[in-house]
Amino acid sequence: MLYDHAMMKTTHVGFGLVAATMWAGAAIAVETVTDPRVASVLAADDARIAAMTAADPAALAPLLAPDLRYSHSDGSVDTKDSFLKLIGGKATRYVAYKPVERGVRFASPEIALVHGRAEVVLEKNDKRIETTFVFLAVWRLEEGQWRFLEWQSSRPGATAK
C-alpha cells in the first residue's frame, strides 16, 4: 500500500505466491496471503506505516514492542522511546512510504519476519530525500497482538557512515 499523508491516498500492491525456503538448516515456509496470520501481520505493518506517515506517535506506540530496536539505513539506531520522539518531532518526517515488495515468514508461531523493498520520501532537516531500501522487520505476537520488535534496512549501494 502507498501511504501519502499529504494526499491521503492508498494504493494496493498485489502479492504473489512465494515458495518454501531453507534457513539455518530447517525448512521455514514462506506463507501466502491466504494464511490469516499473514493478513494479521501485514495489517499491523500497514498500521505502523500509516502512523509513521501521519507523524502520530500516539497511534504508533501500541504497535511497538517495549524492547524495539530500529536500525535505520544510515546506521543510526532507535529504541521505542527515541523512535516515538523521532516520529513526533519535526527534524525527520516520513512523507510517503510505499512497500514495493513484502513477504512474510514465520520463525515460530510468535515471530513473523517481514522482508521486502520499499520506496520512501523523507524530509530530514528541511531536506527532501527520496530513496528505496530493502528491509527486514521482526514482529512478535504479544497477548494476541502483533508488535513491531526489530527493524533493519539498507539502501542498495549505500554504506554506513
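Residues numbered from 1 in each chain as written. Predicted model: local features only at pLDDT ≥ 70, side-chain atom pairs only at ≥ 80, totals over all residues. Heavy atoms only, no water.

Summing up its helical and strand segments, the protein chain has 3 helices and 10 strands in all. Helices (α) and strands (β) of the protein chain occur, in sequence order from the N terminus, as β-β-β-β-α-α-β-β-α-β-β-β-β. Evaluated residue by residue, the protein chain yields a buried proportion of 39% over its 161 residues. Sequence-distant contacts, at least 24 apart, represent 53% of the contacts inside the protein chain between residues at least 6 apart. Carbon and sulfur atoms form 56% of the exposed surface of the protein chain, whose accessible area is close to 8,700 Å². (Helix = DSSP H or I, 4+ residues; strand = E, 2+ residues; numbered from the N terminus. Buried < 20%, exposed > 50% of the residue type's maximum accessible area, 1.4 Å probe, protein only. Contact = heavy atoms within 4.5 Å. Areas by Shrake-Rupley, 256 points an atom, 1.4 Å probe, with all protein chains shown as cover.)

Judged from the 14 bridges that link them, strand β8 (residues 111-124) and strand β9 (residues 127-142) form a sheet pairing that is antiparallel. From the neighbouring strand, Ala 118 faces β9, where its bridge partner is Phe 133. From the end of β8 to the start of β9, which pair antiparallel, there are 2 residues, and Asn 125 there has a positive phi angle of about 50°. Judged from the 9 bridges that link them, β9 and strand β10 (residues 145-154) form a sheet pairing that is antiparallel. (Pairing = 2+ DSSP bridges.)

Right, let's get into the nonpolar core. One finds Leu 60 and Trp 139 to be the most contacted residues of the largest nonpolar core, which totals 31 residues. Elements with a contribution of two residues or more to this core: α1 (36-53), β5 (64-71), α3 (80-88), β7 (92-108), β8, β9 and β10. Looking at which element gives the most residues to this core, the answer is α1, with 7 residues. The residues touching Leu 60, leaving out its near neighbours within four places in the chain, are Arg 48, Ala 51, Met 52, Phe 83, Leu 84 and Ile 87. (Core = buried A, V, L, I, M, F, W, Y, C linked by side-chain atoms within 4.5 Å.)

Further remarks concern the packing of aromatic side chains. By the definition in use, this model includes 10 aromatic pairs. The ring centre of Phe 106 lies 3.8 Å from the NZ or CZ of Arg 37, which sits over that ring. In this arrangement the basic side chain of Arg 48 is found over the ring face of Phe 148, its NZ or CZ atom lying 4.7 Å from the centre. (Phe/Tyr/Trp six-rings, centres within 6.5 Å; stacked < 30°, edge-to-face > 60°. Lys NZ or Arg CZ within 6 Å of the ring centre and 35° of its normal.)

Keep in mind these numbers describe shape, not what the thing actually does.
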